[in-house]
Amino acid sequence: MGVQENGNNMKYERMGSDAAEDEIVLTNILRHKKTAEEGVIVNNINSNTRKYVFACAILASLNSVLLGYDVGVMSGAIIFIQEDLKISEVQEEVLVGILSIVSLLGSLAGGRTSDAIGRKWTIALAAVVFQSGAAIMSLAPSFQILMIGRLLAGIGIGFGVMIAPVYIAEISPSITRGSLTSFPEIFVNLGILLGYISNYAFSGFPVHVNWRIMLGVGILPSVFIGFALFIIPESPRWLVMQNRVQEARSVLSKTYDSEREVEDRLAEIQAAAGIANAEKYEAKAVWHEILNPTPAVRRMLITGCGIQCFQQVTGIDATVYYSPTIFKDAGIKGNTELLAATVAVGFTKTMFILIAIFLIDKLGRKPLLFISTIGMTFCLFCLSFTLTFLGDGQGGIVLAILLVCANVAFFSVGMGPVCWVLSSEIFPLRLRAQASGLGAVASRVSSGLVCMSFLSVSRAITVGGTFFVFFMASVLSVAFVHKCVPETKGKSLEQIEMLFQNEGEWRRGEVEMRDAERLVHKQ
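Since this is a predicted model, take the numbers as computed values, not measurements.

Quick notes on the rules
- Residues numbered from 1 in each chain as written.
- Predicted model: local features only at pLDDT ≥ 70, side-chain atom pairs only at ≥ 80, totals over all residues.
- Heavy atoms only, no water.
- Helix = DSSP H or I, 4+ residues; strand = E, 2+ residues; numbered from the N terminus.
- Buried < 20%, exposed > 50% of the residue type's maximum accessible area, 1.4 Å probe, protein only.
- Contact = heavy atoms within 4.5 Å.
- Phe/Tyr/Trp six-rings, centres within 6.5 Å; stacked < 30°, edge-to-face > 60°.
- Axes fitted to C-alpha atoms, helices over the stretch in contact; angles between N-to-C directions.
- Parallel < 35°, antiparallel > 145°, perpendicular 65-115°, else oblique.
- Left-handed = near helix turned anticlockwise from the far one by under 90°.
- Nonpolar A, V, L, I, M, F, W, Y, C, P; charged D, E, K, R; others polar.
- Core = buried A, V, L, I, M, F, W, Y, C linked by side-chain atoms within 4.5 Å.
- Domains from an automatic or database assignment.
- Patch = residues over 30% accessible without salt bridge, like charges linked within 9 Å, V, L, I, M, F, W, Y side chains within 5 Å.
- Areas by Shrake-Rupley, 256 points an atom, 1.4 Å probe, with all protein chains shown as cover.
- Salt bridge = Lys/Arg side-chain N within 4 Å of Asp/Glu carboxyl O.
- Arc of directions from axis to C-beta.
- Polar contact = N/O pair within 3.5 Å; in protein donor to acceptor, adjacent residues only side chain to side chain.
- Expected span 1.5 Å × (residues − 1).
- Bend = angle between axes of the 7 residues up to and from the residue.
- pLDDT = per-residue confidence, 0-100.

### Regarding the overall build of the chain
Helix and strand counts for the chain stand at 24 helices and two strands. By residue count, 55% of the 523 residues in the chain fall in the buried class. For the chain, restricting intrachain contacts to residue pairs at least 6 apart in sequence, the fraction spanning at least 24 positions comes to 80%.

Written out as structure tokens, the structure reads:
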């Protein structure tokens, strides 16, 4: 196989000699090695770039605190809401699960909104809508008004969970994109922990006051989001889509140290956006391509939406929302003890997501997913067994707490952060916002259905039986990761798009890399 170069494009032709193929493979290896070494030098020269991108990723992820806090705080607040407003079990399920269902409206609208007003201002819109809902919930005199606030909060969360990973993926260099795109998941877990702590801290107040304080505290992050808007830039890829190339170049110059690399990335983005050949995608054309996908786009949608569904059907949101119910079934008595046990779950979830951040760009996406799904499968089976056969005893209580903590730990190491990283980086630029929104819809619908049925299913087949269902879903998730998820570590967003052009491309790429390494050793 021979190579012809024309500018930045490479064309491959079949040559008649294996030796010629070996020579070209070796040449490409050396070229890539040289490029990598140059990248290391650049990274060592200036740490300001890394600090700037790091700060942007943190600030863009603040919306995720809102989602996490709502999930965590509602698990405890619902105990006191039920007592204060005298709601039924069905109303409790609806109140908990409706947020995930309604958030699909925000996720669906978020793609088009972010293409229209930009990624940055969609982050702002998400915060405003959520905070309006949170204020209404904290002041609600009845279940009906509480539901109105819940609906608004859900729409805001839908915007937030869709746009933050997309924004961070589009602004981050390839070498750090995985860890930085995981930041929203870190902040979700931080929010869950803060929600659990809030439940425990305010549980001693009168019943008609404590849950209102718990929900009202969730308004505070909006202050920091307001400050963030004065610091973070607009996505360079969105700017290119708007033909604001000079502004995009200015943003890229802050995220890359090398002027040459800035121009290379800008050229890649322009090509992906279709500016080079004057292509222009309208919203209808984008949705037509998603609804009538090419084989490559179909594979992207299966991977992106599938991993989002498996993230939720394995029961993580139900575990977090209903952890007091789970521990009560295990034998813990008293609200204070139940809420204290949930703090341990939140702390574990937050600590292990930090481990994932350090590993995702070193170990890779797919190995972390295998570790996560296999570990969760084991924990869910053991938890089902414990709740069914060892409940009410002291040993059963301790084992149930340990298994719930282990389950969320394995989730946080892989399925939690990696699924958002994948869904934000596998789609081509012209489809990224809407397709990522579709993935977020898959996640939120799955979460809502699980959360809205958890209590009813548990009553029908017991809590232990429900976790056996989650175990079976987790077994399927292992097979899905093996079959449908490619490794995207270290590749630019444009290179990842090429992985899906031919079925099994990532597998062939891994084989070619192993052959190339053997060739280097021979030489």
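### A few points about the packing of aromatic side chains
Throughout the structure, instances matching the rule amount to ten aromatic pairs. Each ring, one from phenylalanine 202 and one from phenylalanine 205, has its centre 5.9 Å from the other, and the planes form 65°; the classification is edge-to-face. For the ring pair phenylalanine 381 and phenylalanine 471, a centre distance of 5.2 Å and an interplane angle of 55° mean the geometry is tilted. Of this pair, phenylalanine 381 sits in helix 19 (residues 365-389) while phenylalanine 471 sits in helix 22 (residues 429-484), and the two are 90 residues apart along the sequence. A relative accessible area of 16% means that phenylalanine 471 is categorised as buried. A network of ring pairs unites the aromatic residues Tyr322, Phe454, Phe467 and Phe470 as a single cluster.

### Quick word on the packing of helix 4 (residues 89-117) against helix 5 (residues 119-139)
Running from N to C, helix 4 and helix 5 cross one another at 130°; their axes reach a closest spacing of 7 Å. As judged from the angle between their axes, helix 4 and helix 5 are oblique. For the pair helix 4 and helix 5, the sense of crossing is right-handed. Contacts between helix 4 and helix 5 pair Gly110, Thr113, Ser114, Asp115 and Ile117 from the former with Arg119, Trp121, Thr122 and Leu125 from the latter. By residue class, the composition of the contact of helix 4 with helix 5 is three nonpolar, four polar and two charged.

### Some words on the nonpolar core
The biggest cluster of nonpolar side chains holds 131 residues, and the ones touching the most others in it are Ile81, Leu95, Leu146, Phe454 and Phe467. Two domains share this core, each providing at least three of its residues, namely domain 1 (48-232) and domain 2 (293-518). Non-local contacts of leucine 95, meaning those with residues more than four positions away in its chain, are made with Met74, Ile78, Ile81, Ile87, Phe143, Leu146, Met147 and Arg150.

### Considerations on the packing of helix 18 (residues 335-359) against helix 20 (residues 394-413)
As a packed pair, helix 18 and helix 20 sit with axes 8 Å apart at the nearest point and diverge in direction by 25°. Considering their axes alone, helix 18 and helix 20 lie roughly parallel with respect to each other. As for the relative orientation of helix 18 and helix 20, their crossing is right-handed in sense. Touching Ala341, Ala344, Val345, Thr348, Lys349, Phe352, Ile353 and Ala356 of helix 18 are Ile401, Val404, Cys405, Val408, Ala409, Phe411, Ser412 and Val413, all from helix 20. Looking at the contact of helix 18 with helix 20 residue by residue, the classes come out as 13 nonpolar, two polar and one charged.

### Quick word on unusual backbone geometry
Positioned with a positive phi, lysine 86 is a non-glycine residue whose angle comes to about 55°. The residue lysine 86 is located in the loop between helix 3 (62-85) and helix 4 in this model. Of note in the backbone geometry, asparagine 243 takes a positive phi value of approximately 65° without being a glycine. For asparagine 243, the location among the structural elements is in the loop between helix 11 (236-241) and helix 12 (245-255). According to the relative accessible area criterion, asparagine 243 is exposed, its value standing at 51%.

### Remarks on a nonpolar patch on the surface
On the surface, a cluster of nonpolar side chains totalling about 780 Å² of accessible area is made up of Phe347, Met351, Phe352, Leu354, Ile355, Phe358, Leu359, Leu363 and Ile371. When residues of the nonpolar patch are assigned to their parent elements, the largest contribution, seven residues, is made by helix 18.

### With respect to helix 9 (residues 207-216)
For helix 9, the complete set of buried residues consists of Asn210, Trp211, Met214 and Leu215. End-on, the buried residues of helix 9 take up no more than an arc of 125°, which puts them together on one face. The elements touched by buried residues of helix 9 are helix 3, helix 5, helix 6 (143-171) and helix 8 (183-202).

### A word on the pattern of salt bridges
Enumeration according to the criterion identifies six salt bridges in this entry. Between glutamate 89 and arginine 459 there is a salt bridge, and its shortest N-O distance comes to 2.5 Å. Here arginine 459 lies in helix 22 and glutamate 89 lies in helix 4, a separation of 370 residues in the sequence. For glutamate 89, a relative accessible area of 28% puts it in the partly exposed group. You can call arginine 459 exposed: its relative accessible area is 63%. The partner of arginine 249 in a salt bridge is glutamate 263, with the nearest N and O atoms 2.9 Å apart. With a gap of 14 residues between them, arginine 249 in helix 12 and glutamate 263 in helix 13 (residues 259-273) connect regions that are remote in the sequence. Salt bridges here are not isolated pairs; linked through shared partners, they connect Asp115, Arg119 and Glu170.

### Some words on the side chain of asparagine 199
Positionally, asparagine 199 belongs in helix 8. A relative accessible area of 0% means that asparagine 199 is categorised as buried. Here valine 73 takes part through its backbone oxygen, which lies 3.4 Å from a polar atom of the side chain of asparagine 199. Leaving out residues up to four positions away in the same chain, asparagine 199 has contacts with Gly72, Val73, Ser75, Gly76, Ala77, Met214 and Leu339.

### A look at the environment of phenylalanine 410
Here phenylalanine 410 shows up in helix 20. Along the backbone, phenylalanine 410 and threonine 373 are 37 residues apart, and their C-alpha atoms lie at a distance of 7.4 Å. Residues contacting phenylalanine 410, with those up to four places away along its chain left out, are Ile371, Ser372, Gly375, Met376 and Cys379.

### A word on helix 6
Here helix 6 contains 29 residues, and its C-alpha end-to-end distance of 42 Å stays within 8% of the 42 Å for a straight helix at 1.5 Å per residue. For helix 6, the principal kink sits at isoleucine 163 and spans about 25°; a proline, proline 165, occurs within the next four residues. Judged by how many residues are buried, helix 6 sits mostly within the fold: 23 of 29 residues are covered.

### A word on the confidence of the model for the chain
On average, the chain scores 77 in pLDDT, and the residues at 70 or more come to 82%. Mean pLDDT per element in the chain: strand 2 (residues 9-13) is the minimum at 38, and helix 19 is the maximum at 91. A low-confidence stretch, residues 275-281 stays under pLDDT 50, and its non-local contacts, those more than four residues away or across chains, total ten contacts. Here residues 511-523 is modelled with pLDDT under 50, and outside its nearest four sequence neighbours on either side it reaches eight contacts, counting other chains as well.

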